[in-house]
Each structure stands twice: as structure tokens, then as C-alpha cells.
Amino acid sequence: MFVVYVCPFFSENTKYFIDALSRMPEVDMGIISQDPPDRLDHHLQGRLKAFYRIDDCLDTAQLTHAAAELTRVFGPIHRLLGPSEHIQVQIAEAREALGIEGMDPETTRNFRDKDRMKNLWRRAGVPCARSRAVTKPEEAWELIEKVGYPVCVKPLDGAATQSTFRVEDDHTLSEVLRASGPTEQRPLQVEEWVTGSEHSFETVTINGRHVWHSLTHYIPGPLDAMQNPWIQYQVLLPREVDDAEFDDVREAGRAALDALGIDTGLTHMEWFRKDDGTVAIGEVAARPPGVSVMPLINRAHDIDFFTGWCRLMIHHEFEPPRERKYAAGCAFLRGLGAGRVVAVHGLEKVKHDLGDLLTDLREPRVGEPKGLSYEGEGWLIVRHPETEVVRDALNYVVSNVRVELAY
């Protein structure tokens, strides 16, 4: 079976998926990327059947041409896939052009176009924020009259808090609208700011049937972490994923996926527990989750979820893991300021004190530049059968580890 994986760049996270795919004995693997093959580790290069480099993975024409050339040389592509959210529509369009099985472009746009997504949810009665796709400034002001401040302003096809702003007054909104210049071709999504705790909800769906789920707690929400550079972000995956307190989340999350028309895949949803106790669905992506959620699921169940995703997307098969053995959590080690890492304080003592709780560690490396996101310059994962022990361990880490940055 010839499977082609599309990835703009060979990030650390991307290599986990490449490794899992390339180890599947029934798969001949090809890659389409903007990066050259020599940026892959040698052992991964040696497992590839095919490689095609293009200038822009966001260009459907380039992507389709590359896939067509691989087909001409190596035979039919059975699956064309990639976990990056930004290229989902382009992959779907290339699949459609070449007759490759997978999610079609219209369904993919339900997941990428946030205004389209919210409108489908409102029709289906899924709880979500009031919002509007803004093509000119007047439309933003009309929404403000209805919902007030603060509001969240972001691209219609945004991901992972990129170019996302919390706007609290008329002056700031005017500046954002002036700088962004929304148009019919490039609208902005403006929506009411939901207050409460923020979480994720992951779901495996096969032929429209939701067969497994997981969830995490964000501590704090990603946008709060981006706006407060002193925060060392945490993600907590509780053991009690099936408890009654999450019944409303499971119901709303599955209804949200049904409204978007998911057939087969792994989805990553963000949701809020509002201050009044009710649920609001934020947005959902038809891809594997980031922020170390995949490794957290691995540690909570002692499984290889990267290979599980590959089997799901290739064979439409997934064996749900048995009862969750552990809670797991990730603390991101993030320096305050700018420059490069010059020292990491407190980490050796924390490693000693955590003992067997510590399962994975990516230490910040002296000399590396400041990270571009709330994930910082390193991270560590802990697990334990009791959720509160994991929560306490994460708090201990971020209270005692300090990454020092300087020019």
C-alpha cells in the first residue's frame, strides 16, 4: 500500500508520525515536503520509498502535481494524508483531483472555516459563542453592539492561537481592523469572549460512529498563556475521562462532529466550562492534537497512539484502549524575555524529586533560541494513577524550574 505523507516542515512532532508510518510493514511510504530529505534523520530517510519536494504545501496545484508525479513513477496512491491543520483543505483538493480516498474538500472546509463551522453548530443546537465572519469594519461594530467586550478576533482558518487577539475596547478593535483589513477574500472571525476553564476533547470516529474519546484540561487557556509570557503552560489529562461530570461535554462534542459531517478520523476539539457551569464548544480540527496530547494519551494507556492514528487513517481500524491506567500531564518549560537559553535552573532537583512520576523529558538546550509559542523551550511529562498527584506534580515543576534567556 502506497501512502504519501504531506508535511511542510520536519518538526519534532512531525517526525513521530513519519516514524510510525514508516515502520508499518504493509506501507510503502512517500513524503511531499518543503524541506529537503536530508533534514530527516538518516534512519527515517532509509525507510522512504519516495520523496517529492515542492515550494509551498499550501498551493493545491503544486501538491496535486507532486502527488500525480509520485503516482506516475510509483503507482497509485492509496492514502494522501498529513496532520498539519493548515494544509487539510489542500490535501483534500488533491485527493479529489486524483481520486484518492479520504475526507472530501467540502467536509474539510467545515473544519477549517470557523464561521461556517459555527453556523452549522447553531443550526444543530450545539452550544457555542456568538460570532460573525467580518468582511468590512462595519460588520465588526454590529457584532459588538450585540455581544459587547471582550471579543476574540482571529483568521477564519486560524489554528493554535496564531494571529488571535483578545480585544477589550473600541480603540484596540479599530487598530486590529485597520491592520488586518478584512475583505471578502480574507475575512476575520470575530466572536464573543467565553469566560471559564478551557479544555480539549479528542474523538476517534469510524464511518460516522464515535468509537473512543479522551479529554484534557488546559492550565490556563492557550491565549492566556500567549498573552502572559511569564506563565509556564500545563496540559492535564485526567484519569476520570468517563465520569458523569463530563456527560454534557461528550454529548455536545459528538453533536458538534455530527453537524460537521465527520466520517473517519481523529479530531481535536477545544471547549469551555463556562463560569455558570454550562459547556460551550470553541472549535474543532480534523487532525491529531498538538501540545503533547498524543504522548499524554500514550502514557495514560501504555499504547502507541501515533501508530493507532496511522492504522485509523489507512485501514479505518482502531482498537480502543482498555480502562485508563493513569492520569498524565505535561509542563512546558518557558523562559521569560528574549534571546537564547543560557541556563536552566532547578531542573535537576525537580527530576530527582519527581522520581518515577517522570516519564518523558525534553530539556531546554543552552544556546537554542526562545520558542515561538506557549510551548516554550522544553517540556516534561509525568503520570500517576491519581489525577491530583499529577496536578500537584505539574504545579511543582512550573514553580521550581526557571529557563533563563539572554542575548
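Everything numeric in this text was worked out from a predicted model, so none of it was measured. (Residues numbered from 1 in each chain as written. Predicted model: local features only at pLDDT ≥ 70, side-chain atom pairs only at ≥ 80, totals over all residues. Heavy atoms only, no water.)

Caption draft 1: Spotlight on the packing of aromatic side chains. All told, the structure shown has eleven aromatic pairs when counted by the stated rule. Relative to phenylalanine 306, the ring of phenylalanine 17 lies with its centre 5.0 Å away and its plane at 80 degrees, an arrangement referred to as edge-to-face. Separated by 289 residues along the polypeptide, phenylalanine 17 in helix α1 (residues 12-22) and phenylalanine 306 in helix α12 (residues 305-315) bring together distant segments of the chain. Residue classification places phenylalanine 17 among the buried positions, given a relative accessible area of 1%. Relative accessible area serves as the criterion here: at 6%, phenylalanine 306 is assigned to the buried category. An angle of 75 degrees between the planes, with centres 5.1 Å apart, marks the rings of phenylalanine 17 and tryptophan 309 as edge-to-face. (Phe/Tyr/Trp six-rings, centres within 6.5 Å; stacked < 30°, edge-to-face > 60°. Helix = DSSP H or I, 4+ residues; strand = E, 2+ residues; numbered from the N terminus. Buried < 20%, exposed > 50% of the residue type's maximum accessible area, 1.4 Å probe, protein only.)

Caption draft 2: Expanded view of the pairing of strand β2 (residues 28-33). Within β2, five of the six residues are buried, which leaves it mostly tucked inside the rest of the structure. Regarding the hand of the β-α-β motif, the stretch spanning strand β1 (residues 2-7), α1 and β2 is right-handed. Pairing analysis gives four bridges linking β2 to strand β3 (residues 50-53), with the strands arranged parallel. Residue pairing across strands places isoleucine 31 opposite phenylalanine 51, the latter belonging to β3. (Right-handed = clockwise from strand over helix to strand, strands pointing away. Pairing = 2+ DSSP bridges.)

Caption draft 3: Representation of the side chain of arginine 273 within the structure. Along the chain, arginine 273 falls in strand β12 (residues 265-274). At 2.5 Å, the side chain of arginine 273 forms a polar contact with the side chain of aspartate 248. (Polar contact = N/O pair within 3.5 Å; in protein donor to acceptor, adjacent residues only side chain to side chain.)

Caption draft 4: Structural detail: the sheet that holds β3. The four strands are arranged β3-β2-β1-β4 in an open sheet whose pairing can be described as parallel. Because the sheet does not close on itself, it has two edges, and the strands there are β3 and β4 (79-81). Strand-to-strand twist in this sheet, taken as the mean axis angle between neighbours without regard to direction, amounts to 15 degrees. Sheet topology note: the β1/β2 ladder contains six bridges and is parallel. Bridge pairing links valine 6 to isoleucine 32 in β2. Sitting on the sheet, α1 is in contact with β1, β2 and β4, with an inclination near 175 degrees to β1. (Axes fitted to C-alpha atoms, helices over the stretch in contact; angles between N-to-C directions. Contact = heavy atoms within 4.5 Å.)

Caption draft 5: Spotlight on the environment of glycine 148. Note on placement: glycine 148 falls in the loop between α7 (137-147) and β6 (151-155). Expressed as a C-alpha distance, the spacing of glycine 148 and serine 174, which sit 26 residues apart in the sequence, is 15 Å.

Caption draft 6: Region of interest: the packing of helix α13 (residues 347-354) against helix α14 (residues 387-400). The N-to-C vectors of α13 and α14 enclose an angle of 160 degrees; their axes lie 9 Å apart at closest approach. On the basis of the axis angle, α13 is roughly antiparallel to α14. Like other packed secondary-structure pairs, α13 and α14 cross with a definite hand, here right-handed. Contact with α13, carried on its side by Lys349, Val350, Asp353 and Leu354, involves Ala393, Tyr396, Val397 and Asn400 of α14 and no other residues of that element. (Parallel < 35°, antiparallel > 145°, perpendicular 65-115°, else oblique. Left-handed = near helix turned anticlockwise from the far one by under 90°.)

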